[in-house]
Amino acid sequence: NAGVTQTPKFRVLKTGQSMTLLCAQDMNHEYMYWYRQDPGMGLRLIHYSVGEGTTAKGEVPDGYNVSRLKKQNFLLGLESAAPSQTSVYFCASSWGPAGSYTFGSGTRLTVV
Amino acid sequence: RKEVEQDPGPFNVPEGATVAFNCTYSNSASQSFFWYRQDCRKEPKLLMSVYSSGNEDGRFTAQLNRASQYISLLIRDSKLSDSATYLCVVFLLKTDSWGKLQFGAGTQVVVTP
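What you see is a predicted model; the values in this text were computed from it and never measured.

Caption draft 1: Seen up close, the packing of aromatic side chains. A complete count under the given rule lists 14 aromatic pairs over all chains for this structure. Each member of the aromatic cluster is reached from another via a ring pair, and the members are A:Tyr33, A:Tyr35, A:Phe90, A:Tyr101, A:Phe103, B:Tyr36 and B:Phe103.

In structure tokens:
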């Protein structure tokens, strides 16, 4: 069981560059999420999706866009990277909004 | 004020000892509670749910105090492998039928030989 797979695992970007983080889950979960984790701040929700074709903003959506064209995939885009977006990004999925979330192994992004 | 607050620690615990720590939450309407475990540079994983009457899972005991708005985690007979950051997680159902998990910043536990 692959669970939730995130690619890439590491990336260094220059300010102003763009990139897309890919999240794929094989558990047929309806809900998918993108979080960022910064020291001392806990996980903060960037965007989420309650099903194929849907997306919604979380707590810290500015500077990010998402798409969920297929149920198993949830993409996070950075159009113009900024140093403040240096973080560890986690994707997660679940059957519903509460309870057990399955997380991917994370993407460590550095913007210089 | 953060919605979920935790003592960041670290809690340094001798192997075989007991350690306990709390987490407070700000919204009295919070409905569900969980502890997740996160190893260094790894993803969070569900450790256990927290039920109103308290519950155990092996060496781990979780308690909920709704009146004082805190949950606790107790680890008995600590193992070296228990060294991790423990995330307190609270679920709140919003009025638009969407609910969200709110994660605390974590409590670090270091078990020493």
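Right, picking up where we left off after that structure.
Caption draft 2: Region of the structure containing the state of the cysteines. Applying the stated rule across the entire model yields two disulfides over all chains. A sulfur-sulfur distance of 1.8 Å marks the disulfide that ties A:Cys23 to A:Cys91. Handedness of the A:Cys23-A:Cys91 disulfide follows from its S-S torsion of about -75°: it is left-handed. Of the two residues, A:Cys23 sits in strand β3 (residues 19-25) while A:Cys91 sits in strand β9 (residues 87-94), which places them 68 residues apart along the sequence. By relative accessible area, which is 0% here, A:Cys23 ends up buried. Disulfide pairing is shown between B:Cys23 and B:Cys88; the S-S distance is 1.9 Å. Residues B:Cys23 and B:Cys88 are joined by a disulfide whose S-S torsion is about -65°; by sign, that bridge is left-handed. In this pair, B:Cys23 sits in strand β3 (residues 19-25) while B:Cys88 sits in strand β9 (residues 84-93), placing the two residues 65 residues apart along the sequence. For the pair formed by B:Cys23 and B:Cys88, the shared burial category is buried.

Caption draft 3: Quick look at the environment of B:Ser49. Residues and elements named next belong to chain B. As for its placement among the helices and strands, Ser49 is situated in strand β5 (residues 44-50). Separated by 59 residues in sequence, Ser49 and Gln108 have C-alpha atoms that sit 19 Å apart. What Ser49 contacts, discounting residues up to four positions off in sequence, is Phe33, Phe34, Asn55 and Ala62.

Caption draft 4: Layout of the environment of A:Ala92. Residues and elements named next belong to chain A. Note that Ala92 resides in strand β9. Relative accessible area serves as the criterion here: at 0%, Ala92 is assigned to the buried category. The sequence separation of Ala92 and Tyr35 amounts to 57 residues, and the corresponding C-alpha distance is 7.9 Å. Residues in contact with Ala92, not counting those within four places in the same chain, are Tyr31, Met32, Tyr33, Tyr101, Thr102 and Phe103.

Caption draft 5: Quick peek at unusual backbone geometry. Cis geometry is found at the peptide bond from A:Thr7 to A:Pro8, where omega equals -5°. Along the polypeptide, A:Pro8 turns up in the loop between β1 (4-7) and β2 (10-13). Cis rather than trans, the peptide bond between B:Gly9 and B:Pro10 has omega equal to 10°. In this model, A:Asn28 sits at a positive phi of 60°, which is unusual for a non-glycine residue. Position of A:Asn28 among the secondary structure elements: in the loop between β3 and β4 (31-38). Even without being glycine, B:Arg41 reaches a positive phi, approximately 65°. With respect to the helices and strands, B:Arg41 occurs in the loop between β4 (32-38) and β5.

Definitions and limits used
- Within each chain, residues carry numbers counting from 1 in the order of the written sequence.
- All chains are assigned letters beginning at A, and all ligands numbers beginning at 1, according to the order in which they are written.
- Totals for whole chains, interfaces and linings use every residue, but because this is a predicted model, local features are given only for residues with pLDDT of at least 70 and side-chain atom pairs only at 80 or more, for both listing and counting.
- Derived side-chain values reflect all non-hydrogen atoms in the structure, with water molecules and hydrogen atoms excluded from consideration.
- Only Phe, Tyr and Trp rings are paired, with Trp represented by its six-membered ring, and only when their centres lie within 6.5 Å; those with planes under 30 degrees apart are stacked, over 60 edge-to-face, the remainder tilted.
- Two cysteine sulfurs form what is called a disulfide whenever their separation falls within 2.5 Å.
- Where helices and strands are cited, they refer to DSSP runs of H or I of at least four residues and of E of at least two residues respectively, numbered from the N terminus.
- A 1.4 Å probe rolled over the protein chains alone gives each residue an accessible area, and that area as a share of the maximum for its type sets the label: buried under 20%, exposed over 50%, partly exposed in between.
- The contact definition used throughout considers only heavy atoms, calling two residues in contact when any of these lie within 4.5 Å.

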